[in-house]
Amino acid sequence: MSDVRFPDDDMPAGAVVDGEAVTRAVDDAFDFVVVGSGAAGASAAYVLAEAGFSVGIVEEGPWLKTRDITEDVHTAFSKYTRESGMQVLRGRSFVPMIQGRCVGGSTLINSAIAWRIPEDVVDDWGARFGLGDSINMRELDPHFDALERDLSVRPVADDALGENNAMFLAMANKRGISASRMRRYDRGCKGSGMCLSACPTAAKQGMSVTYVPWALARHGARIFTSARVERVEIRGHRAVAVVAKSASGHPIVLRARRGVFVAASTVQTPNLLRRSGVRSPALGKHFQAHPGLAVGGMFKRSIEMSFGATQGAESIHYRKSERFKLETISFPPDIAAARIPGAGPELVERLARLGHVASWAAQIRARAEGTVGEGWSGADRVKYTLGEDDIRATRKAVALLARMMFDAGAQEVWPGIFGVPSVLRSVDQVKLVDEGPLDPRAYAFIATHLFGAARMGVDPRTSVVDADFRVHGVDDLWVVDSSVFPTNLGVNPQHSIMAMSRLAAARVAERAKGLRAA
Amino acid sequence: MLLPRLFSFELAWAEAAYVAIYPDPPRNPLSRGIRAMKPARFYDELIAGVPTEQALGLRVSLWIVALAPLFVLRRLCTIAALSEAERVTVLERLLASSVYAVRQLTLGFKAMGALRYAQDHALRAEMTTPRLAPAPEDSGPVLKEPEGAVHLRVLDRAKLMASSSGQTRAANEVGPDHAAAEGASDV
Ligand SMILES: Cc1cc2nc3c(=O)[nH]c(=O)nc-3n(C[C@H](O)[C@H](O)[C@H](O)COP(=O)(O)OP(=O)(O)OC[C@H]3O[C@@H](n4cnc5c(N)ncnc54)[C@H](O)[C@@H]3O)c2cc1C
Ligand code: SF4
């Protein structure tokens, strides 16, 4: 075991400054400073560093190295997610919202599903937000190509498919629903079903084992971990530095000769901009989500959800018509136990048969919009309530999944809707789901795909950044995460976030190179 | 974190509730319940480690669970004073409460216990290994498959790591895969 080296094992001396170990104030200078090391930040940092610029990355969370990964969810979530995985969207209901807070950001604990932005979404951005000349498939495609090459995007292999995924494909096929294996960032997935508590073999090509170490090892970038950026210093309409605080309590000032890229995510970016003095009427508005919820089913035969790619099969058959996407998701026991109905003997009886449980999910392309702000303690606050038409879409998706489970021979199905029996025992009972309540509090959503709140657009009154990702009215300050997305994609966002971020960084690098040459 | 650690009576409530949710054999077909894993201590540490607002939520959850016999059973006692079967009844009623905050907070309490219960590697393996057992509605003992009949696929970390030697490439090497992204199209 000790001779196995992972990509995050060996970093050049001085490339990583651990904010927990910093003992005095730090003052440093780079061409570019990147805030956040998740999907957006790591992609931008890599492009800038590869183009020959000096790059400093600042990341609020620590670096979980592959060899330290454990299988339990609690360890991963308590140390490497924001607010120990207990953040919520607040509205009529409380929806858990999960975000990574570590090197790699949410890519450490995500399922590695790669989806190019759907063309109709890009067209809509062009038509409604005037972005067509700048954001279009012609501009984005080369970046998708590069990402897929670098991060080994491929469909789930036969030997990592597993029954939970295979059964979904078979049942979708039976109903004439188009479905396919997920395409994922995968360099040799072993099907451990552990993506949500981080990949123990570095097969999942998350940012902490790819672009971050590559930017450091190949192109001389530096990363400051466990260092929270408090503000971007803007002097005379120009971003000139990033002011952070290390976990050990010392100030870290990184001067940016050419500019600052903010990639702190949809929720943290708007608040960081606000703390930095950006005053845009659109800041914090138009937050959107792509919330998901799972349906479980118990089978007589073995499913062994613990084997197979965590999320290995999907269908976008209803993305446009009904606004939902269907997916498989294998829950580890720690999460499954909370979703399984009951308490006491009934609960543990089912837990003991987890090897016979399948779990599938729906992601709703919700229309609802919310706001991002700060609460009394300075904590991030997202206000958001799903609308009635979003719940109608949810109900349809859950009912369809329940029917597919019964098609597959489920003995019981757990729809997870308050007001509908927690255990359905026959397909006839699924009509109770069709007629389920329209109250968002009846549904157990979880939000991991987040958009908006620093929207892109041409009009500074209704958007925060322009079509080149630059904050309106501030030079050398770019936002490159999904807070700039004008709308919900209806598909998993990481790939589009990275392509957009690469596009922004490549444009800025090009211009900066031109200036350097001149 | 501004809140004080759990008092001994709160620890007793948490213990009583968790032992009812994840009971010991013979009320549990798994080889052990949560009791041996000191769930109350875990809950206390959890509260100490999360931001104040979340800590408050966890504490309120515990108090709701603890005082539930008053409003569920109309009995002047806490959860710790009930028999295990009564505790389960109370908890199930809370989980199905028509008051959103009550059922959500109770679900949160149950979920925190799950984090502790499933931390144990051997128990995870027991849960995820398929059994030749009857469905939950059938009664009778849970039968393990005969030796060798079950293909155990629980995480064997050493094996996974050993078989991941493809990952031993240096950090600055990029793999050769060129997967074209076509994406399934809508129908
Ligand atoms: C459980 C889960 C599963 C998912 N599965 C998929 C999937 O399979 N496919 C997919 O496409 N998407 C998936 N997603 C969503 C996807 O991971 C995110 O959309 C994506 O990672 C967002 O990229 P980002 O760079 O904006 O934010 P993140 O990846 O979250 O990174 C932001 C980083 O910025 C840091 N940061 C924030 N504020 C500061 C500050 N003030 N100072 C310094 N650093 C700061 C954070 O700590 C964090 O590390 C999943 C998400 C989750 C949580
Ligand atoms: S399912 Fe595959 S990619 Fe996910 S953690 Fe396991 S080995 Fe890694």
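Criteria and thresholds
- Residues numbered from 1 in each chain as written.
- Chains lettered and ligands numbered in written order.
- Predicted model: local features only at pLDDT ≥ 70, side-chain atom pairs only at ≥ 80, totals over all residues.
- Heavy atoms only, no water.
- Helix = DSSP H or I, 4+ residues; strand = E, 2+ residues; numbered from the N terminus.
- Near = heavy atom within 4 Å.
- Polar contact = N/O pair within 3.5 Å; in protein donor to acceptor, adjacent residues only side chain to side chain.
- Areas by Shrake-Rupley, 256 points an atom, 1.4 Å probe, with all protein chains shown as cover.
- Nonpolar A, V, L, I, M, F, W, Y, C, P; charged D, E, K, R; others polar.
- pLDDT = per-residue confidence, 0-100.
- Contact = heavy atoms within 4.5 Å.
- Expected span 1.5 Å × (residues − 1).
- Buried < 20%, exposed > 50% of the residue type's maximum accessible area, 1.4 Å probe, protein only.

(A) Looking closely at unusual backbone geometry. Residues Pro 25 of chain B and Pro 26 of chain B are joined by a peptide bond in cis, for which omega reads 5°. Here Pro 26 of chain B lies in the loop between α1 (8-21) and α2 (39-49). Of note in the backbone geometry, Glu 83 of chain A takes a positive phi value of approximately 50° without being a glycine. Here Glu 83 of chain A shows up in the loop between α2 (73-80) and β4 (87-90). For Lys 38 of chain B, which is not glycine, the phi torsion reads 50° and is therefore positive.

(B) Quick peek at the site of ligand 1. Residue and element names in this part refer to chain A. Neighbouring residues of ligand 1: 37 residues in total, closest Ala 40, Glu 59, Ser 106, Val 229 and Gln 494. Between ligand 1 and Ala 39, the relevant distance is 3.2 Å, taken from an oxygen atom to a main-chain nitrogen or oxygen of the residue. For ligand 1, an oxygen atom lies 3.2 Å from a polar atom in the backbone of Pro 493. For ligand 1, whose unbound accessible area comes to 990 Å², protein coverage reaches 96%. Elements with a contribution of two residues or more to the shell around ligand 1: α1 (39-50), β10 (227-235), α7 (268-275) and α12 (494-517). Per element, the largest residue contribution to the shell around ligand 1 is 3 residues, and it comes from β10. A class-by-class count of the residues in the shell around ligand 1 yields 16 nonpolar, 14 polar and 7 charged.

(C) Broad picture of the confidence of the model for chain B. Residues and elements named next belong to chain B. Scored by pLDDT, chain B comes out at a mean of 78, with 69% of its residues at no less than 70. Within chain B, the lowest mean pLDDT, 48, falls on helix α7 (residues 157-162), and the highest, 98, falls on α1. Every residue in residues 133-155 is under pLDDT 50, and counting partners more than four places away or in other chains gives 43 contacts. Considering only residues more than four positions removed or in separate chains, one finds that residues 160-187, a stretch of pLDDT under 50, has 75 contacts. For this predicted complex, the interface score ipTM comes out at 0.92, while the overall pTM is 0.92.

(D) Region of the structure containing helix α5 (residues 162-174) of chain A. Residues and elements named next belong to chain A. Relative to the 18 Å expected for 13 residues at 1.5 Å per residue, α5 spans 18 Å between its end C-alpha atoms, a close match to the ideal helical length. By the burial criterion, the buried members of α5 are Gly 162, Asn 164, Asn 165, Met 167, Phe 168, Leu 169, Met 171 and Ala 172. At its buried positions, α5 is contacted by β7 (180-181), β15 (313-315), β16 (324-328), β17 (357-364) and α10 (388-407). Immediately beyond the C-terminal end of α5, within one or two residues, lies Gly 176, with a positive phi of roughly 75°.

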